[in-house]
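Overview (structure and organization)
Listed below, chain by chain, are the residues.
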Amino acid sequence: MNTTSRRTILTSMAAAAAGLPLLNDLAGNGSTAAAATSATEFPSNTALYSSGTYQEGVHWMRRFRRGTPAELLDNASGTSEPVRSTAVIAPHGGGIEAGTSELCLAIAGYTLTGAGTAPAAVPGVPQRDYWMFEGLASSSDLHVTSTHCDDPAALAVCGGNLFAVSLHGFAPETGPAKQILIGGRDQRLMRNLASAFAAHGITTGNSDPRLDVQVVVAGVNSPLNGDDPANIVNRTSSGAGAQLEISTELRKAMFGTFGSAVDRRATAGKGSADEAHFWNGFVDAVREAVDRHELGRDAV
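Attention in this report is confined to the structure presented alongside it. (Residues numbered from 1 in each chain as written. Predicted model: local features only at pLDDT ≥ 70, side-chain atom pairs only at ≥ 80, totals over all residues. Heavy atoms only, no water.)

Some details on the sheet that holds strand E3 (residues 130-135)
- With respect to topology, seven strands assemble into an open sheet ordered E1-E3-E2-E4-E7-E5-E6, the strand pairing being mixed. Edge positions in the sheet fall to strand E1 (60-65) and strand E6 (214-217), since each of these pairs with one other strand and no more. With direction set aside, neighbouring strand axes in the sheet form an average angle of 15°.
- Strand direction decides the pairing type here: strand E5 (residues 179-184) and strand E7 (residues 242-247), joined by five bridges, are antiparallel. Each bridged residue has a counterpart across the sheet, and for Gly184 the counterpart in E7 is Ala242. (Pairing = 2+ DSSP bridges. Helix = DSSP H or I, 4+ residues; strand = E, 2+ residues; numbered from the N terminus. Axes fitted to C-alpha atoms, helices over the stretch in contact; angles between N-to-C directions.)

Quick look at the structure:
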């Protein structure tokens with residue numbers, strides 16, 4: 001297990017929120033690596049919420065959905081019903097690690113909306129519980145390390161589900177610009193994710209090198225392996241989840257315009273063929289991996 005802070009390589013804006021003008025929507029492109037250390041990093045969500053320095057609705061907000069537990073029933077002899085119990089979370093959404101909020105809603109089966117508008121269910125795909133902490137101002141100070149997350153809604157959403165997938169942004173120090181690092185404690189879910197990414201072309205060896213994405217399953221010594229039991233994604237009823245670290249360049253490649261949340265919502269996968277490939281491939285792959293995992297199956 002490695003509990004090294006993600007701040008050394010997280011993707012976020014370094015400007016202090018208190019010095020920024022008030023913003024009308026989730027802002028920032030989350031593309032600048034934060035400083036390695038910061039005296040103002042909060043040790044928990046509780047500390048951030050109680051600080052008085054950063055105000056809800058001004059500097060940050062959270063959005064979540066926790067569904068009413070449904071009856072589970074499977075009497076069919078030749079097929080299995082999936083156990084729909086996977087949360088999707090973005091602990092550093094909005095302007096902190098840009099693009100993760102939009103991916104969170106899409107994977108959970110909802111339309112992309114901004115503050116004050118309830119997301120609608122997307123027809124034809126399962127809806128899943130979600131939780132997002134979102135920076136309304138672009139500040140690395142709003143980043144609370146996943147192992148320190150104690151937001152009551154996050155605990156309720158993750159604790160009320162068997163499984164969870166968390167979405168993060170990072171700036172790779174080495175390797176290609178487009179990367180996905182798969183971590184967590186749920187090894188079967190991690191294998192299902194790696195297999196699904198390859199099946200949807202989110203991999204290397206494409207006929208067009210511009211579409212190549214390096215997908216790596218994090219080793220035990222990786223600072224972003226996400227295997228700490230205290231990591232919010234692992235605080236499920238099964239005690240495990242999967243963490244997806246998505247490089248800045250890959251997240252940018254999913255949107256026609258990456259600079260603001262309004263632009264991201266309007267252009268997610270809707271511009272060039274490349275943008276559609278990265279956005280649809282990522283979203284569809286995670287949905288497929290979760291579906292397979294909920295059926296109790298493993299990647300072949």
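Let us keep going from here.
Focus: the nonpolar core
- Counting residues in hydrophobic clusters, the biggest one holds 41 residues, and the most contacted among them are Phe197, Leu244 and Phe282.
- With eight residues, helix H7 (residues 273-294) is the single largest residue contributor to this core.
- In contact with Leu244, not counting residues within four places along its chain, are Val165, Ser166, Leu167, His168, Ile180, Leu181, Ile182, Leu193, Phe197, Phe282 and Val286.
- Counting 19 residues, the second-largest nonpolar core is a separate cluster that includes Tyr54, Trp60, Ala87 and Ile232. (Core = buried A, V, L, I, M, F, W, Y, C linked by side-chain atoms within 4.5 Å. Buried < 20%, exposed > 50% of the residue type's maximum accessible area, 1.4 Å probe, protein only. Contact = heavy atoms within 4.5 Å.)

Examining helix H4 (residues 187-199)
- A rise of 1.5 Å per residue sets the reference length of H4, with its 13 residues, at 18 Å; its end C-alpha atoms lie 18 Å apart and thus fit the reference within 8%.
- The complete set of buried residues in H4 reads Leu189, Met190, Asn192, Leu193, Ala196 and Phe197. Taken end-on, H4 shows its buried residues confined to a sector of 160°, consistent with a single buried face.
- Lining the buried residues of H4 we find strand E4 (163-170), E5, E6, E7 and H7. (Expected span 1.5 Å × (residues − 1). Arc of directions from axis to C-beta.)

Thoughts on the pattern of salt bridges
- With the rule as written, the count across this model stands at 12 salt bridges.
- One salt bridge connects Glu294 with Arg128, and the closest N-O pair in it is separated by 2.9 Å. Linking Glu294 in helix H7 with Arg128 in the loop between helix H2 (100-108) and E3, this pair joins segments that are 166 residues apart in sequence.
- Owing to a relative accessible area of 4%, Glu294 belongs among the buried residues under this scheme.
- According to the relative accessible area criterion, Arg128 is buried, its value standing at 5%.
- Via salt bridges that share partners, Arg84, Arg128, Asp291 and Glu294 belong to a single interconnected network. (Salt bridge = Lys/Arg side-chain N within 4 Å of Asp/Glu carboxyl O.)

Here we look at the pairing of E7
- Among the six residues in E7, six count as buried, and that is most of the element.
- The pairing of E4 with E7 spans six bridges and is parallel. Within E7, the position partnered with Phe170 by the bridge is Ser247.

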